[in-house]
Amino acid sequence: MQISFARAELSDVHDAISRHLESLPGPTDSFLEHHVRDSKHYVISAVGSRVGLASIHAGNLITQFSLERDYQRFGQGAFQALRKLENVGAAFVATCDEFYLSHAIDDYRQLLKQAYFFEAPPSSNMAAAEAQHAL
């Protein structure tokens, strides 16, 4: 399948980026969101249809990669093509973005971890301790 990338302005992909970030099963941090916002954005197309999006920050850091569910089977080829855009040498991936994370891990040469984000329900003991500190 022929995959192509077309440069897009943030205003053209803002809604798609928002939907993608909201669809993730865990939180993302504002540091990543700022990098995504400040990236160059690309619409990924196949067979004449928009099938995903990608973002590259500062010419060398992939900050976002997603494909519509029906096209995810073409992810490896699309990710390899994305890496050839600009001067890509690294990826900044939220740990809750399993699709993007799996492609980045499959293709890494060096893996540097920065931070992990997770949500945990508050325990009743923790809530009680926080309430005492508030007094």
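Residues numbered from 1 in each chain as written. Predicted model: local features only at pLDDT ≥ 70, side-chain atom pairs only at ≥ 80, totals over all residues. Heavy atoms only, no water.

Caption draft 1: Representation of the environment of His 57 within the structure. Within the secondary structure layout, His 57 lies in strand β3 (residues 49-57). Sequence spacing of His 57 and Val 88 is 31 residues, and the spatial spacing of their C-alpha atoms is 9.1 Å. Not counting the four nearest positions on each side in its chain, His 57 is found in contact with His 35, Asp 38, Ser 39 and Thr 63. (Helix = DSSP H or I, 4+ residues; strand = E, 2+ residues; numbered from the N terminus. Contact = heavy atoms within 4.5 Å.)

Caption draft 2: Region of the structure containing helix α3 (residues 75-83). Every buried residue of α3 is listed here: Gly 75, Ala 78, Phe 79, Leu 82 and Arg 83. An end-on view of α3 places all buried positions within 140 degrees of arc, on one side of the element. In this structure, the buried side of α3 is in contact with β1 (3-8), β3, β4 (61-67) and α4 (98-106). (Buried < 20%, exposed > 50% of the residue type's maximum accessible area, 1.4 Å probe, protein only. Arc of directions from axis to C-beta.)

Caption draft 3: Highlighting the sheet that holds β3. Taken in spatial order, the five strands line up as β1-β2-β3-β4-β5 in an open sheet, and their pairing is mixed. The open sheet has two edge strands with one neighbour each: β1 and β5 (90-91). Inspection of the sheet shows strand β2 (residues 40-46) paired to β3 by seven bridges, in the antiparallel sense. Looking at the pairing, His 41 lines up with Ser 55 of β3. (Pairing = 2+ DSSP bridges.)

Caption draft 4: Structural detail: the packing of α3 against α4. Viewed as axis vectors pointing N to C, α3 and α4 meet at an angle of 65 degrees, and their least axial separation amounts to 11 Å. One finds that α3 runs roughly perpendicular with respect to α4. The interaxial crossing formed by α3 with α4 has right-handed handedness. Of α4, the residues touching α3 (which contributes Gly 75, Gln 76 and Phe 79) are Phe 99, Tyr 100, His 103, Ala 104 and Asp 106. Its residues assigned to classes, the contact of α3 with α4 shows four nonpolar, three polar and one charged. (Axes fitted to C-alpha atoms, helices over the stretch in contact; angles between N-to-C directions. Parallel < 35°, antiparallel > 145°, perpendicular 65-115°, else oblique. Left-handed = near helix turned anticlockwise from the far one by under 90°. Nonpolar A, V, L, I, M, F, W, Y, C, P; charged D, E, K, R; others polar.)

Caption draft 5: Here's a closer look at the nonpolar core. One finds Ile 44, Ile 62, Phe 65, Leu 67, Phe 79 and Leu 82 to be the most contacted residues of the largest nonpolar core, which totals 19 residues. Every element with two or more residues in this core is listed here: β1, β2, β3, β4, α3 and α4. Those residues in contact with Ile 62 that lie beyond four places of it in its chain are Ser 55, Ile 56, Phe 79, Leu 82, Arg 83, Val 88, Ala 90, Ala 91, Phe 92 and Tyr 100. The next biggest cluster of nonpolar side chains, apart from the first, holds 13 residues, and it includes Ala 8, Leu 24, Leu 32 and Cys 96. (Core = buried A, V, L, I, M, F, W, Y, C linked by side-chain atoms within 4.5 Å.)

Caption draft 6: Structural view of the packing of aromatic side chains. In this structure the tally under the stated criterion is five aromatic pairs. Considering the side-chain rings of Phe 65 and Phe 79, the 5.3 Å spacing of their centres and the 65 degrees angle between planes classify their relative orientation as edge-to-face. With Phe 65 in strand β4 and Phe 79 in helix α3, this residue pair connects regions lying 14 residues apart in the sequence. In terms of burial, Phe 65 and Phe 79 fall into one category: buried. With a centroid separation of 6.4 Å and an interplanar angle of 55 degrees, the aromatic rings of Phe 79 and Tyr 100 are classed as tilted. One end of the pair, Phe 79, is in helix α3; the other, Tyr 100, is in helix α4, and 21 residues separate them in sequence. For Tyr 100, a relative accessible area of 1% gives the class buried. Pairwise contacts between aromatic rings join Phe 65, Phe 79, Phe 99 and Tyr 100 into one cluster. (Phe/Tyr/Trp six-rings, centres within 6.5 Å; stacked < 30°, edge-to-face > 60°.)

Nothing here speaks to function; it is all geometry.
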